[in-house]
Amino acid sequence: ASLPTEVLVLEAAPTHPTCSLVELDQPGVVVTAVHPAHDGPGVVVRLHEAWGRSTSVRVRLADRLGMRRAFRADLAGVPGSTAEDGHEPGTARVDLGPFELATLRFGP
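Residues numbered from 1 in each chain as written. Predicted model: local features only at pLDDT ≥ 70, side-chain atom pairs only at ≥ 80, totals over all residues. Heavy atoms only, no water.

J.: Is there a simple way to think about the overall build of the protein in this case?
T.: Scanning the protein from terminus to terminus reveals 0 helices and 8 strands. Secondary structure elements of the protein occur, N-terminal to C-terminal, as β-β-β-β-β-β-β-β. In the protein, of all internal contacts separated by at least 6 residues, the share reaching a separation of at least 24 is 62%. (Helix = DSSP H or I, 4+ residues; strand = E, 2+ residues; numbered from the N terminus. Contact = heavy atoms within 4.5 Å.)

Written out as structure tokens, the structure reads:
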């Protein structure tokens, strides 16, 4: 009892420019979550330093999301009072310790 062989031919998808929602400039940092803020306008981004080294990472949110300011936040996404200065709208510079988790909240 042999099974019939099926051949599936797929066409290549049209080429479209790609855009990431979040860009990082350090390979040892991983984005573990991106979601809308639950209590108002904003986007919450959670990061994890995965290589066991202290680092400073630049986080950039896609322009199309319209978020300009960034704040360090708690695990619930509630922003603190200190803005993380990324020198450009929609960016933040975050210092992370080895294996540290960080939550950022971007707002308009």
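What follows continues from the structure just given.
J.: What is the right way to read the sheet that holds strand β4 (residues 55-61) from this model?
T.: Sheet strands associate in pairs through backbone hydrogen bonding, adopting either a parallel or an antiparallel arrangement. The strand order β1-β4-β7 describes an open sheet built from 3 strands, whose pairing is antiparallel. If you trace the sheet from one side to the other, it starts and ends with β1 (22-24) and β7 (91-96), each paired once. Along the sheet, successive strands turn relative to each other by an average axial angle of 25 degrees, direction set aside. With 3 bridges joining them, β1 and β4 adopt antiparallel strand pairing. Paired with Val 22 across the strands is Leu 61, a residue of β4. (Pairing = 2+ DSSP bridges. Axes fitted to C-alpha atoms, helices over the stretch in contact; angles between N-to-C directions.)

J.: I'm lost on the side chain of Arg 46 in this one. Help?
T.: As for its placement among the helices and strands, Arg 46 is situated in strand β3 (residues 43-49). One buried charge, Arg 46, has no salt-bridge partner; the nearest side chain with opposite charge is Asp 74, at 7.0 Å. (Buried < 20%, exposed > 50% of the residue type's maximum accessible area, 1.4 Å probe, protein only. Lys, Arg positive; Asp, Glu negative; His and termini not counted. Salt bridge = Lys/Arg side-chain N within 4 Å of Asp/Glu carboxyl O.)

J.: Just to check I follow, could you spell out the nonpolar core for this structure?
T.: Nonpolar side chains in soluble globular proteins generally cluster together in the buried interior. Counting 16 residues, the largest nonpolar core has Val 59, Val 94 and Phe 106 as its most contacted members. In this structure, Val 94 is in contact with Thr 55, Ser 56, Val 57, Val 59, Arg 72, Glu 84, Ala 102 and Leu 104, ignoring residues within four places of it in sequence. (Core = buried A, V, L, I, M, F, W, Y, C linked by side-chain atoms within 4.5 Å.)

J.: Quick question: what am I supposed to make of the pattern of salt bridges here?
T.: Two side chains with opposite charge may pair up if their charged atoms get near one another. Counting across every chain of the model gives 5 salt bridges. The partner of Asp 63 in a salt bridge is Arg 60, and the shortest N-O contact between them spans 3.1 Å.

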